[in-house]
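Now for the letters of each chain:
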Amino acid sequence: MPPSTDTLESPRPGSLLDPRDERQVFASVLSQTPLGVMVLRLVEEGEPGSLTIVYANPAMRHVSNFEFHRFVGQRLDVCMPGAVAVGRAKLLADVLVAGEPRVFPAVHYDPDQLGPGIPGGWFETRAFPVGPGLLGIMTENVTVRTEQAHALENLAGAFRERTAQLVRSNEDLEQFARAVAHELRAPMQPLMASAELLQLTLGDGDARVARLLSGMQQSVERLDKMLSDMLAFAQVDALPGAGDTVSLRASVDEALADLAATYGAAGAEVEVLGDFPPVRVRGSLLTRVFNNLLGNALKFRSDRPLRVRVVGTRDGLAARVEVHDNGLGIAEGEEDAVFELFARGTRARERAGTGMGLALCRRIVTRHGGSLVVSRVPTGGCCFTLTLPAG
């Protein structure tokens, strides 16, 4: 006959273990857990807040590198003498009084604070009442984790400081460039006027003088253009906001209108096709980009009749424009170099220019969250690809 159910103990809520097996199972779990576990009993007599060790699992030795289990039955302040033990015992005893569990943030102890045989480090402790006058303790040595976190925090702080220094340095350099470009441009206008006046006055009488004056005038004009480009380059990042929503097609058409006379004189064939979604950018800057790209196609044309094709597409959340030409193209390996400041490609050195146009174009595009790259065309010429976030 099966035993009466009245004589059997029921499992605890949340557990299918027979209560008669729980003691052995929990003892096994406590012996295997990597967390240091102790049970302390509040001592009624003696120093207020003093605690006696009544249990310490094997992991306490690995966590603290101290054999707490050898001190079972003794007061905690025997293991941790000094002010640290008194203060910690008082905090732990307060948990018993409050009857609520508490997590103590990681605290750092030096070896001389903890007593002989206990190394220093960072320790995180959880305390919780487990019975009348009994306190459960779970301790974890978080030295490695905490020191790594501190190292990352220090590294992040150093990175933020270095970034702030670079920002300040860039701001100073941009302010200096703006000031230099502005101040140097001031005397350029009278110098250009003087060159023109000398050309008109002396140029007709002597061919040699005329050539010298013409060269001087061209040099002054090139210097003025270079200073103008420097000023524009330095001012791009100083412009606030992302600008208004503008039409890509309108910017292309405006740039082509500006170049209509020179394109017509060169007999260039221009084709504009595709989808040109609106973008958020300053319209005047976008027109300047297309002025430069389309102007370069004209400037670096080959002996063949110039053909330019502008193709617009929508690529997900981005607007994409490709400017194809059949001109001189760029030399292999110079796809990135042509966007550097004052860079002059191998095939561009015999053509007029300041070497700042493409650098300015890329700066404008990246300032508005886009990209500008160039690729070589096997049959001759090149293709500039511009992407911007669609408006």
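Basis of the calculations
Residues numbered from 1 in each chain as written. Predicted model: local features only at pLDDT ≥ 70, side-chain atom pairs only at ≥ 80, totals over all residues. Heavy atoms only, no water. Helix = DSSP H or I, 4+ residues; strand = E, 2+ residues; numbered from the N terminus. Buried < 20%, exposed > 50% of the residue type's maximum accessible area, 1.4 Å probe, protein only. Contact = heavy atoms within 4.5 Å. Areas by Shrake-Rupley, 256 points an atom, 1.4 Å probe, with all protein chains shown as cover. Phe/Tyr/Trp six-rings, centres within 6.5 Å; stacked < 30°, edge-to-face > 60°. Lys NZ or Arg CZ within 6 Å of the ring centre and 35° of its normal. Salt bridge = Lys/Arg side-chain N within 4 Å of Asp/Glu carboxyl O. Pairing = 2+ DSSP bridges. Axes fitted to C-alpha atoms, helices over the stretch in contact; angles between N-to-C directions. Arc of directions from axis to C-beta. Polar contact = N/O pair within 3.5 Å; in protein donor to acceptor, adjacent residues only side chain to side chain. Disulfide = S-S within 2.5 Å. Patch = residues over 30% accessible without salt bridge, like charges linked within 9 Å, V, L, I, M, F, W, Y side chains within 5 Å.

Counting its regular elements, the protein chain contains 12 helices and 12 strands. In the protein chain, which comprises 391 residues, the share counted as buried stands at 36%. Within the protein chain, residue pairs in contact and separated by at least 24 positions form 59% of the contacts whose partners lie at least 6 positions apart. Per element, the accessible surface of the protein chain, about 22900 Å² overall, is 56% carbon and sulfur.

Right, let's talk about the packing of aromatic side chains for a bit. What the rule picks out here adds up to one aromatic pair. Their ring planes at 85° and their centres at 6.3 Å tell us that Phe339 and Phe384 sit as a pair that is edge-to-face. Taken together, the residues span a long stretch of sequence, with Phe339 in the loop between β10 (318-325) and α12 (357-367) and Phe384 in strand β12 (residues 382-389) at a distance of 45 residues. Under the relative-accessibility criterion, Phe339 is labelled buried at 6%. In this structure, Arg362 packs its charged tip against the face of Phe339, placed 3.9 Å from the ring centre.

Turning next to the pattern of salt bridges. For the structure on display, the rule yields five salt bridges. Two residues, Arg145 and Glu140, come together in a salt bridge whose shortest N-O distance is 3.8 Å. The class for Arg145 is partly exposed, based on a relative accessible area of 45%. A salt bridge links Glu269 to Arg307; the shortest N-O distance between them is 3.8 Å. Here the residue Glu269 occupies a position in strand β7 (residues 269-274), and Arg307 occupies one in strand β9 (residues 307-315), the gap between them amounting to 38 residues. Looking at Glu269, the relative accessible area reads 47%, which means it is partly exposed.

The strand order β7-β9-β10-β12-β11 describes an open sheet built from five strands, whose pairing is mixed. Strands at the two margins of the open sheet, each flanked by one partner only, are β7 and β11 (371-376). Sheet twist, expressed as the mean angle between neighbouring strand axes with direction ignored, is 15°. In the sheet, β9 pairs with β10 via eight bridges, with the strands oriented antiparallel. Each bridged residue has a counterpart across the sheet, and for Thr313 the counterpart in β10 is Arg320. Strand contacts of helix α9 (residues 248-258): β7, β9 and β10, with the helix running at about 175° to β7, the strand carrying the most contacts. Of the strands in this sheet, β11 and β12 touch α12, which is tilted by about 135° from β11.

Our next topic: α9. Taken as a whole, α9 has its buried residues at Leu248, Ser251, Val252, Ala255 and Leu256. Angular distribution of buried residues about the axis of α9 spans 135°; they occupy a single face of the element. Sitting at the amino-terminal end of α9 is Ser247, which places a side-chain oxygen 3.3 Å from the backbone nitrogen of Arg249.

Turning our eyes to something else, we now look at the sheet that holds strand β4 (residues 121-131). As summarised here, the arrangement of the five strands in space is β2-β1-β5-β4-β3, forming an open sheet in which the pairing is antiparallel. Of all the strands in the sheet, just β2 (51-56) and β3 (102-109) have a single pairing partner and so form its edges. Taken pair by pair, the neighbouring strands of this sheet meet at an average axis angle of 30°, ignoring direction. By the bridge criterion, six bridges tie strand β1 (residues 36-42) to strand β5 (residues 134-141) in an arrangement that is antiparallel. Its bridge partner lying in β5, Val39 is registered against Gly136.

Using the criterion set out here, one finds zero disulfides in the structure. No disulfide involves Cys382; its sulfur sits 7.7 Å from that of Cys383, the nearest cysteine. Cys382 gets classed as buried once you look at its relative accessible area, which sits at 6%.

This part covers a nonpolar patch on the surface. A cluster of nonpolar side chains, Val25, Phe26 and Val29, forms an exposed patch at the surface whose accessible area comes to about 240 Å². Structurally, the position occupied by Phe26 is in helix α1 (residues 19-32). Residue Phe26 is classed as partly exposed on the basis of its relative accessible area, which comes to 42%.

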